[in-house]
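Descriptive structure summary
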Amino acid sequence: MNHTGEIAALTVAGLWTVTALLFEVATKRIGVLAVNIIRLFFGFILLSIICKILRGTFFPFDASVFQWTMLSLSGLVGFVLGDWCLLKSFEKSGGRISMLMLASNPAIAAILGYFVLSEMLTSKTALAMLITFAGIGMAVYARNHKSEHPITFKGLMYGLGSAVGQAGGLILSKKGMGHYDAFAATQIRIIAGFFGFLIIMIVSQKTQYVIAQRNDSKTMLILLIGALLGPCLGVGLSLYAVQYANAGIASSIMSIIPILIIIPSVFIFKQKITRLEVIGAFLSTGGVILFFL
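Everything in this summary refers to the structure shown in the same document. (Residues numbered from 1 in each chain as written. Predicted model: local features only at pLDDT ≥ 70, side-chain atom pairs only at ≥ 80, totals over all residues. Heavy atoms only, no water.)

1. Side note on the overall build of the protein
What counts is decided by this rule: The helix count covers DSSP runs of H or I at least four residues long, the strand count covers runs of E at least two residues long, and both are numbered beginning at the N terminus. Surface exposure here means Shrake-Rupley accessible area, sampled with a 1.4 Å probe, where a residue is shielded only by the protein chains that are shown. For this count, His and the chain ends are skipped, Lys and Arg are scored as positive, and Asp and Glu as negative. For this purpose, a charge sits on NZ of Lys, CZ of Arg, CG of Asp or CD of Glu.
Looking only at helices and strands, the protein features 14 helices and zero strands. Going from N to C terminus, the protein has its helices and strands arranged as α-α-α-α-α-α-α-α-α-α-α-α-α-α. In terms of overall dimensions, the protein has a C-alpha envelope of 45 × 45 × 35 Å along the principal axes. Carbon and sulfur atoms make up 72% of the accessible area of the protein, which totals about 13,800 Å². Taken together, the 21 basic and 10 acidic charged side chains of the protein have centroids lying 5 Å from each other.

In structure tokens, the structure reads:
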């Protein structure tokens, strides 16, 4: 059986794990808004070079109006709405609840995929998704169990919004992309996301602050590498994954990032690992393996 889409999704999870660590460092240095704008700018430049090499053109001029519309909506929903809601969720309810809510992303993707794309799930893939969610939830709960943030209704809604944003972005991408090149499609998504954050920057009057961060050469290098692995290769491969695999399945595999990030977090950030995290890691890994059987 051909598992091209699933393998691409697993590769995305690995790339985004490294990217998450890089962006965590960058965010602590220059802030969330600056990181989002700069990483998308770098991502677009890098994608343009890749598309020139692979497709012979820097810009997706060959995309139809429908593709531009759907993929732009995908960029706004995925990059802007999803990321913004996730940050607000951290602010209102803390890391544990936020990540647990975000872990519902694959289930939402599967539900949206059923209604929007008429994608069906077999009992085996549904079981694999359930096992993967259980492992992720267990590991995230263990990592954040000492959080003192109160659980608020607004925090839960923001957490749900982040999951809907991520899932909705994938579904809109698959709906609008069809057989169009995944990396060119990512260019369109990044353009929309960049202008979305640009509007937020202008409204929040942080233009001068964001521009000033270009002088931080170390952070710019971190963001350049992160943009290559994340918005560029990672997002491009994520669209390739949903082209060749069920959206719910691909989303489930890509959601194992909280598991993959455990080991580098221990060695880089000196965080202690718990027994519950180890159990969650094995459980989640088992769920992913089940997709390939």
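2. Section: the nonpolar core
Note the threshold: For this analysis, a nonpolar core means a set of buried residues of the types Ala, Val, Leu, Ile, Met, Phe, Trp, Tyr and Cys, connected via side-chain atoms within 4.5 Å. Think of it in three bands: residues with accessible area under 20% of the maximum for their type are buried, residues over 50% are exposed, and the middle band is partly exposed, with areas taken using a 1.4 Å probe on protein chains only.
If you look at the biggest cluster of nonpolar residues, it comprises 58 residues, and the most contacted ones within it are Met177 and Leu223. Sorting elements by how many residues they give to this core places helix α2 (residues 32–55) first, with eleven residues. Membership of the second largest hydrophobic core comes to seven residues, among which are Ala103, Ile136, Val140 and Ile262.

3. Thoughts on the packing of helix α1 (residues 4–30) against helix α11 (residues 247–254)
Quick note on the threshold: With axes taken as lines fitted to C-alpha atoms, and helix axes fitted only over the stretch in contact, angles between N-to-C directions fall between 0 and 180 degrees. Here the angle decides the label: under 35 degrees means roughly parallel, over 145 means roughly antiparallel, 65 to 115 means roughly perpendicular, and every other value means oblique. Handedness of each helix crossing follows the sense of rotation of the near helix against the far helix: counterclockwise by less than a right angle gives left-handed, clockwise gives right-handed. Residue contacts follow a heavy-atom distance rule, with two residues in contact if any of their heavy atoms lie within 4.5 Å.
Two numbers describe how α1 lies on α11: the axes approach to 8 Å, and their chain directions differ by 30 degrees. Compared by their axis directions, α1 and α11 come out roughly parallel. In the crossing of α1 with α11, the sense of the turn from one axis to the other is right-handed. In this structure, α1 contributes Glu6, Ala9, Leu10, Val12, Ala13 and Trp16 to the contact, and α11 contributes Ile249, Ala250, Ile253 and Met254.

4. Points about α1
Put simply, the rule reads: In this analysis, the expected span of each helix is defined as 1.5 Å times one less than the number of residues it contains.
The terminal C-alpha atoms of α1, which comprises 27 residues, lie 37 Å apart, in line with the 39 Å expected from a rise of 1.5 Å per residue. Note on α1: the residue one or two positions beyond its end, Gly31, has a positive phi of about 95 degrees.

5. Quick look at the pattern of salt bridges
Just so we agree on the cut-off: Salt bridges are identified by distance alone: a Lys or Arg side-chain nitrogen within 4 Å of an Asp or Glu carboxyl oxygen.
In the structure shown here, the tally under the stated rule is four salt bridges. With a closest N to O distance of 3.1 Å, Asp216 and Arg29 form a salt bridge. Remark: Arg29 occurs in helix α1 and Asp216 occurs in the loop between α9 (207–212) and α10 (217–244); sequence separation between them is 187 residues. Here Arg29 falls in the partly exposed class, since its relative accessible area comes to 38%. Close ionic contact of Lys174 with Glu119 constitutes a salt bridge, the shortest N to O distance being 2.4 Å. Residue Lys174 is located in helix α7 (residues 153–177), and its partner Glu119 is located in the loop between α5 (105–116) and α6 (123–143); the two are separated by 55 residues in the primary sequence. Take Glu119: its relative accessible area is 13%, and that puts it in the buried class. One connected set of salt bridges, linked through shared partners, spans Arg55, Asp62 and Asp181.

6. Here's the deal with the side chain of Ser252
In this structure, Ser252 sits in helix α11. The buried category is assigned to Ser252, whose relative accessible area is 0%. Look past the residues within four positions of Ser252 in its chain and what remains in contact with it is Pro106, Met129, Thr132, Phe133 and Phe291.

7. Remarks on α2
An ideal rise of 1.5 Å per residue puts 34 Å on 24 residues; α2 measures up with 33 Å between its terminal C-alpha atoms. In the segment just after α2, Gly56 is the residue with positive phi, at about 85 degrees.

8. Quick look at the side chain of Ser251
Examined against the element boundaries, Ser251 turns out to sit in helix α11. Other than its neighbours up to four places away in sequence, Ser251 contacts Asn105, Pro106, Ala109 and Leu170.

9. Some words on a nonpolar patch on the surface
What counts here: Patch definition: residues above 30% relative accessible area lacking any salt bridge, with like charges linked at up to 9 Å and the nonpolar side chains Val, Leu, Ile, Met, Phe, Trp and Tyr linked at up to 5 Å.
Taken together, the side chains of Phe41, Ile45, Ile49, Ile53, Leu54 and Phe58 present a nonpolar region at the surface, about 620 Å² in accessible area. Following the sequence through the fold, Ile49 ends up in helix α2.

10. Considerations on the packing of aromatic side chains
Using the following cut-off: Two rings from Phe, Tyr or Trp (for Trp, the six-membered ring) form a pair when their centres are within 6.5 Å of each other. A pair whose planes differ by under 30 degrees is stacked, one over 60 is edge-to-face, and the rest are tilted. Two conditions define a charge located above a ring, namely a distance within 6 Å from the ring centre to NZ of Lys or CZ of Arg, and an angle within 35 degrees of the ring normal.
Evaluation of the coordinates by the stated rule reveals nine aromatic pairs. Pairing Phe44 with Phe59 gives two aromatic rings, centres 6.3 Å apart and planes at 75 degrees, and the pair type is edge-to-face. One end of the pair, Phe44, is in helix α2; the other, Phe59, is in the loop between α2 and α3 (65–93), and 15 residues separate them in sequence. Note on Phe44: relative accessible area 22%, which makes it partly exposed. Of the residues examined, Phe59 reaches a relative accessible area of 26% and is grouped as partly exposed. Among the aromatic residues, those joined into a ring-pair cluster are Phe41, Phe42, Phe194 and Phe195. When the ring centre of Phe79 is taken as origin, the NZ or CZ atom of Arg189, which lies over that ring, is 5.0 Å away.

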